[in-house]
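Structural characterization, general
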Amino acid sequence: MAKTKIHTTPKGVIYYPHLRTPEVFEGEEVGFTAKIMFDAETTNKFFAHLEAALEEAEVAFPGKSFKNASLGSSEDKDGNTMFKFKANTSFKTKAGDTIHRTIPIYDSNGKPLDEKADIGTGSIVRIAYSIYPYWKSAKTNGLSLRLEAVQVIEYKPPYSRDAAGFGFEVEEGGYTAADEDTGLGVPFDTNEDEGADF
């Protein structure tokens, strides 16, 4: 059996990472997931890479049309393209044993993070992934991007937001806190200290 080829994305911004606890949709477990966004030029190159992989996949499905193939991409409300990667939280061996998966996360030097360590939206990362083609019907087919590991280039903690994330704009001439200021009348708890080949 051929060994699964592992690819690596260019650097991009990660969104909605579920690397330690699985994503759940309408009460059903989706698995470990992450979305990544690139700049426009890199996005086009990544699409080209996936389209080439799709052409190779068509050979394995003779007589099947991939005209409406999904390449694992979607657009946000602003029209930005994101690519989604997913992995099951567990799998069964040939012996019937259930193995629970952990997504490896590495720092920029390749040092593995603790298995409990997590990252948040806005972190700059590379994602290691494998490509699995699928064909269920003329309308349901394409490439599944399997999440293998993540390298963190710039870290943002989970659930972190800046002022803009709460909808605040800069008010010229208003109150400005000093560096040592701990905050004036904080109304709620803000304790949240918590080389690509494609």
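In case you missed it, the structure is sitting above this.
Source: prediction; values computed, not measured.

A few points about the pairing of strand β3 (residues 28-37)
- Burial of β3 is extensive: seven of the 10 residues sit out of reach of the surface.
- The turn joining strand β2 (residues 12-25) and β3, which pair antiparallel and follow one another in sequence, is formed by two residues; a positive phi near 50° is taken by E26.

Considering the packing of aromatic side chains
- Applying the stated criterion to the full structure yields eight aromatic pairs.
- Aromatic ring contacts, followed pair by pair, group F38, F46, F47, F83, F85 and Y129 into a single cluster.
- Taking NZ or CZ as reference, K64 lies 4.3 Å from the ring centre of W135, over its face.
- Lying over the aromatic face of Y132, R146 brings its terminal NZ or CZ to 4.3 Å of the ring centre.

Quick notes on a negative patch on the surface
- A contiguous patch of negative charge, built from E51, E55, E56 and E58, is present on the exposed surface.
- Structurally, E58 is set in helix α1 (residues 40-59).

Comments concerning the pairing of strand β10 (residues 141-154)
- Sheet analysis places strand β8 (residues 105-106) next to β10, joined by two bridges and oriented parallel. Across the sheet, residue Y106 finds its bridge partner in β10, namely Q151.
- Of the pairings in the sheet, the one linking strand β9 (residues 124-135) to β10 comprises 12 bridges and is antiparallel in character. Counterpart to I127 in the pairing with β10 is V150.
- The antiparallel pairing of β9 with β10 creates a hairpin that spans five residues between the two strands.

Details of the side chain of T43
- Take T43: it is sitting in helix α1.
- On the basis of relative accessible area, T43 is assigned to the buried category, the value being 7%.
- Ignoring any residue separated from it by four or fewer positions in sequence, one finds T43 in contact with F38, T81 and F83.

Some thoughts on the pattern of salt bridges
- Inspection of every chain in the model, using the stated rule, returns three salt bridges.
- The shortest N-O distance in the salt bridge between K84 and E23 comes to 3.1 Å. One end of the pair, K84, is in strand β5 (residues 81-87); the other, E23, is in strand β2, and 61 residues separate them in sequence.
- On the basis of relative accessible area, K84 is assigned to the partly exposed category, the value being 27%.
- On the accessibility criterion, E23 (16% relative accessible area) is buried.
- Across the salt bridge formed by K77 and D78, the nearest N and O atoms sit 3.6 Å from each other.
- Here D78 falls in the exposed class, since its relative accessible area comes to 56%.

Definitions and limits used
Each chain carries its own residue numbering, running from 1 in the direction its sequence is written. Owing to the predicted nature of the model, reporting of local features is limited to residues with pLDDT of at least 70; listing and counting of side-chain atom pairs is limited to 80 or more, with chain, interface and lining totals taken over all residues. Based on all heavy atoms of the structure, the side-chain values leave hydrogens and waters out of the count. For each residue, the accessible area found with a 1.4 Å probe, counting protein chains only, is set against the maximum for its type, and the residue is called buried under 20%, exposed over 50%, and partly exposed in between. In this text, helices come from DSSP runs of H or I with a minimum length of four residues, and strands from runs of E with a minimum of two, each type numbered from the N-terminal end. We call two strands paired when DSSP finds no fewer than two bridges between them. Only rings of Phe, Tyr and Trp enter the pairing, Trp through its six-membered ring, and a pair is recorded when the two centres are within 6.5 Å. The plane angle decides the type: under 30 degrees is stacked, over 60 is edge-to-face, the rest tilted. Whether a charge sits over a ring depends on NZ of Lys or CZ of Arg being within 6 Å of the ring centre and within 35 degrees of the ring normal. Candidates for patches are residues over 30% relative accessible area with no salt bridge; among them, like charges are joined within 9 Å and nonpolar side chains (Val, Leu, Ile, Met, Phe, Trp, Tyr) within 5 Å. In these tables, accessible area is a Shrake-Rupley quantity obtained with a 1.4 Å probe, and a residue counts as shielded only by the protein chains included in the view. Salt bridge criterion: a side-chain nitrogen from Lys or Arg within 4 Å of a carboxyl oxygen from Asp or Glu. This count recognises Lys and Arg as positive and Asp and Glu as negative, with His and chain-terminal groups excluded. Throughout, a charge is located at the NZ atom of Lys, the CZ atom of Arg, the CG atom of Asp or the CD atom of Glu. Only heavy atoms matter for contacts: two residues are in contact if any of them lie within 4.5 Å across the pair.

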